[in-house]
Amino acid sequence: MSVQGSGMGQPSMSIYANELFDSYDVQTIVRVGSCGGLTERVGMRDIIIANGACTDSGINRTRFHGLDYAPVADFSLLRAAVEASEGMELDAAVHVGLLYSSDQFYTTRPELTEPLVAHGALAVEMETSALYTLAAYRQRRALSICTVSDHLVTHEETTALEREQTFGDMIRIALRAATA
């Protein structure tokens, strides 16, 4: 098991994931990170286990010649993470749902996310779509688990200290899922 930073954004995640899959024959990547709540159904520090990811990035449009592709998590990892979370005492709620992998975390046009939220997107982050797409292509396993660090509806945000000290539940779920 290795713990690594993947940079920020889908291009950076793509470099790391490709190199891990190709150069090191990594079979499983579990991403843990922060996300911004897009709906009042999720609260600050809630955990989102991402079953899929939509995106505004052009990466998948280029890869799939303009077609839409719906990148999803590896089901065995998803199930293991959900089961792990159900067996733990947690400080926050756990949601299984869709993440929105955006090229802009702090968008100047929040109205663009409204259709995504209406169709189930829970939070915005910047890497999951690329990770799930590359894992599918390489026939590897991938999962993203994120903690809500900022809320784009309520405008709440965690401090750096809170991010350092209150995201442990997400990491414990990820470790249990990866080793299940």
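1. Comments concerning helix H1 (residues 10-24)
Its 15 residues give H1 an end-to-end C-alpha distance of 20 Å, which sits within 8% of 21 Å, the value for a rise of 1.5 Å per residue. Within H1, burial applies to Gln10, Ser12, Met13, Ser14, Ala17, Leu20 and Phe21. Its buried side turned inward, H1 meets strand S1 (28-37), strand S2 (47-55), helix H2 (59-63), strand S3 (94-101) and helix H5 (128-138). Asp25 sits one or two residues past H1 and shows a positive phi near 55°.

2. Things to note about the pattern of salt bridges
Within this structure, the stated rule accounts for eight salt bridges. The closest approach of N and O atoms between Arg140 and Asp25, which form a salt bridge, is 3.4 Å. Of this pair, Arg140 sits in the loop between H5 and strand S5 (141-151) while Asp25 is found in the loop between H1 and S1, placing the two residues 115 residues apart along the sequence. Given the relative accessible area of 49%, Asp25 is considered partly exposed. For Asp74, the salt bridge goes to Arg141, with nearest N and O atoms at 3.9 Å. Here Asp74 is found in the loop between H2 and helix H3 (75-86), whereas its partner Arg141 is found in strand S5, with 67 residues between them in sequence. If you follow the salt bridges from partner to partner, you end up with Arg31, Glu125 and Glu127 in one network.

3. With respect to the packing of aromatic side chains
In the structure shown here, the tally under the stated rule is one aromatic pair. An angle of 15° between the planes, with centres 4.5 Å apart, marks the rings of Phe64 and Tyr69 as stacked. A residue is classified by how much of its surface remains accessible, and Tyr69, at 32% relative accessible area, is partly exposed. Here the basic side chain of Arg63 rests over the ring of Tyr137, its NZ or CZ set 5.2 Å away from the ring centre.

4. So, the packing of H1 against H5
At their nearest, the axes of H1 and H5 sit 9 Å apart, and the two run at 30° to each other. As far as their axial angle goes, H5 and H1 are roughly parallel. In terms of crossing hand, the pair formed by H1 and H5 is right-handed. Between H1, through Gln10, Met13, Ser14, Ala17, Asn18, Phe21 and Asp22, and H5, the contact on the second element is made entirely by Ser129, Ala130, Leu131, Leu134, Ala135 and Arg138. Residue classes in the contact of H1 with H5 are distributed as seven nonpolar, four polar and two charged.

5. With respect to the pairing of S5
When you tally the buried positions in S5, you get ten out of eleven residues, the bulk of the element. Here S1 pairs with S5 via ten bridges, running parallel. Paired with Ile29 across the two strands is Ala142, which belongs to S5. By the bridge criterion, four bridges tie S2 to S5 in an arrangement that is antiparallel.

Each value, and the rule that gives it
Residues numbered from 1 in each chain as written. Predicted model: local features only at pLDDT ≥ 70, side-chain atom pairs only at ≥ 80, totals over all residues. Heavy atoms only, no water. Helix = DSSP H or I, 4+ residues; strand = E, 2+ residues; numbered from the N terminus. Expected span 1.5 Å × (residues − 1). Buried < 20%, exposed > 50% of the residue type's maximum accessible area, 1.4 Å probe, protein only. Contact = heavy atoms within 4.5 Å. Salt bridge = Lys/Arg side-chain N within 4 Å of Asp/Glu carboxyl O. Phe/Tyr/Trp six-rings, centres within 6.5 Å; stacked < 30°, edge-to-face > 60°. Lys NZ or Arg CZ within 6 Å of the ring centre and 35° of its normal. Axes fitted to C-alpha atoms, helices over the stretch in contact; angles between N-to-C directions. Parallel < 35°, antiparallel > 145°, perpendicular 65-115°, else oblique. Left-handed = near helix turned anticlockwise from the far one by under 90°. Nonpolar A, V, L, I, M, F, W, Y, C, P; charged D, E, K, R; others polar. Pairing = 2+ DSSP bridges.

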